Amino acid sequence: MKYLNFFNKILFLLNSIAVTLLLVSYTIPYLPPSKFAILSIFSLGVPLLLVLNIIFMIYWTLLLKPQLFLSLSVLMLGISHIKSSFNFNFKDTMFDSSVEIMSYNVHLLNLYNWIKNDNIPEQVNNFIQDKSPDILCFQEYQASIAPKFNYRYHFNSISDNKSELVIFSKFKFINTGTIEFSNSTNRAIFADLVIKSDTVRVYNLHLQSTGISTDMSNFDSDQSDALIKQLIKSFKAQELQTKLIVSHLEKSPYKYIISGDFNNTAHSYVYRLLKSNLVDSFELAGHGFGSTFSFKYYPLRIDFILLDSSFQVFRHKIYDVEYSDHYPISCTFKIK
């Protein structure tokens with residue numbers, strides 16, 4: 001009993017540290033990376049802090065100890081953060097008048113053979129034909145090796161030194177455009193789509209890449225320092241890019257959808273700016289841990305579909321296919 005009491009005291013100390021860090025993490029979406037660079041990186045650790053506090057809460061509950069209220073109260077305070085990382089909604093409804101949009105970072109369609117598979121473009125095409133979303137947004141598209149996707153309308157803004165983005169659609173375009181980011185290979189594009197009697201603007205964006213590799217098996221301290229510097233630089237660039245996008249959003253004459261690879265989490269400053277008064281399809285209709293990036297042992301949700309709050313969201317899907325370092329996500333919705 002003496003040793004158990006000592007163990008529980010140590011555990012409660014660790015619990016207190018985890019609670020404090022989680023509380024601090026709740027402020028990160030309000031802190032611009034340009035002024036709080038180190039704290040902005042901390043947003044990547046929020047899912048781990050949530051899990052740790054849930055484990056502590058369960059442990060104290062099993063012992064019938066009042067310490068359970070420490071983590072419980074902080075978790076309840078940040079319930080929106082929990083839903084942003086893992087959700088357990090079982091919506092899976094389809095209606096005749098619903099529309100499906102898919103977002104997928106295809107990692108250049110395996111141009112440099114990161115995946116030991118020569119048929120990635122064909123497999124991606126087969127996957128898209130099978131799912132047949134009404135609107136399809138690709139990031140890191142590679143037109144030179146891409147198959148012919150079966151869509152009547154498409155907009156692809158190509159330049160020699162920029163990441164390719166493309167929007168495919170079964171609906172007619174009445175306008176398209178590009179938002180260029182300075183000193184970056186990333187960008188955003190948009191298209192105005194006529195969906196029955198409505199016009200909806202769809203944004204496809206790829207914010208500044210972070211340089212995080214899916215393989216961290218040989219990670220050492222020198223690489224850790226370099227990664228921190230790279231993350232700080234990337235998050236600062238993302239802040240400027242997001243402000244450009246937000247300025248563009250404010251001038252939109254139509255209701256809009258934002259999709260793409262944010263290269264940051266739902267606990268970040270850039271996500272809060274982009275989401276604003278929109279809804280996150282995963283939070284409304286997602287299920288599971290929400291991981292969209294193939295990062296070993298750690299769930300990272302960095303791909304999003306954000307919609308006008310007047311749209312009715314029925315389903316959010318994450319497809320577990322290994323044709324890229326990202327997983328495709330889709331949302332089924334209806335315009336009210």
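Predicted, not measured: the structure shown is a model, and the values here were computed from it.

Brief notes about helix α6 (residues 120-131)
Within an α-helix, residues lying three or four positions from one another point in the same direction, as the helix has 3.6 residues per turn.
Inference 1: With 12 residues, α6 should reach 16 Å at 1.5 Å per residue; the first-to-last C-alpha distance of 16 Å fits that figure.
Inference 2: Of all the positions in α6, only Ile 120, Pro 121, Val 124, Asn 125, Phe 127 and Ile 128 are classed as buried. Mapping the buried residues of α6 onto a view down its axis gives an arc of 160°, with all of them on the same face.
Inference 3: Against the buried residues of α6 lie β2 (99-105) and β3 (135-141).
Inference 4: Of the residues trailing α6, Ser 132 is marked for its positive phi of about 50°.

Quick notes on the sheet that holds strand β4 (residues 153-157)
Inference 1: Read across the open sheet, the 6 strands follow the order β4-β5-β3-β2-β14-β13; overall the sheet is mixed. Of all strands in the sheet, those bounded by a partner on one side alone are β4 and β13 (311-318). Pairs of neighbouring strands in the sheet enclose a mean axial angle of 15°, with direction left out of account.
Inference 2: Of the pairings in the sheet, the one linking β2 to strand β14 (residues 329-335) comprises 5 bridges and is antiparallel in character.

Examining the pattern of salt bridges
Inference 1: Scanning the model with the defined rule gives 8 salt bridges in all.
Inference 2: The partner of Arg 315 in a salt bridge is Glu 100, and the shortest N-O contact between them spans 4.0 Å. Of this pair, Arg 315 sits in strand β13 while Glu 100 sits in strand β2; the two residues are 215 residues apart in sequence, bridging distant segments of the chain. One exposure class covers both Arg 315 and Glu 100, and it is buried.

Looking at the packing of aromatic side chains
Inference 1: Counted by the stated rule, this structure contains 21 aromatic pairs.
Inference 2: Taken together, a centroid distance of 6.4 Å and an interplanar angle of 45° make the contact between Tyr 141 and Phe 149 tilted.
Inference 3: For Tyr 141, a relative accessible area of 7% corresponds to the buried category.
Inference 4: Ring centres 5.0 Å apart and planes at 45° place the aromatic pair Tyr 271 and Phe 304 in the tilted group. On the criterion of sequence distance, the pair formed by Tyr 271 in helix α8 (residues 269-275) and Phe 304 in strand β12 (residues 303-307) is long-range, its members being 33 residues apart.
Inference 5: Residue Phe 304 is classed as buried on the basis of its relative accessible area of 0%.
Inference 6: Here the aromatic cluster, defined as three or more aromatic residues joined through ring pairs, consists of Tyr 104, Phe 127, Phe 138, Tyr 141, Phe 149, Tyr 151, Phe 168, Tyr 319 and Tyr 323.

Cut-offs and rules
Residues numbered from 1 in each chain as written. Predicted model: local features only at pLDDT ≥ 70, side-chain atom pairs only at ≥ 80, totals over all residues. Heavy atoms only, no water. Helix = DSSP H or I, 4+ residues; strand = E, 2+ residues; numbered from the N terminus. Expected span 1.5 Å × (residues − 1). Buried < 20%, exposed > 50% of the residue type's maximum accessible area, 1.4 Å probe, protein only. Arc of directions from axis to C-beta. Contact = heavy atoms within 4.5 Å. Pairing = 2+ DSSP bridges. Axes fitted to C-alpha atoms, helices over the stretch in contact; angles between N-to-C directions. Salt bridge = Lys/Arg side-chain N within 4 Å of Asp/Glu carboxyl O. Phe/Tyr/Trp six-rings, centres within 6.5 Å; stacked < 30°, edge-to-face > 60°.

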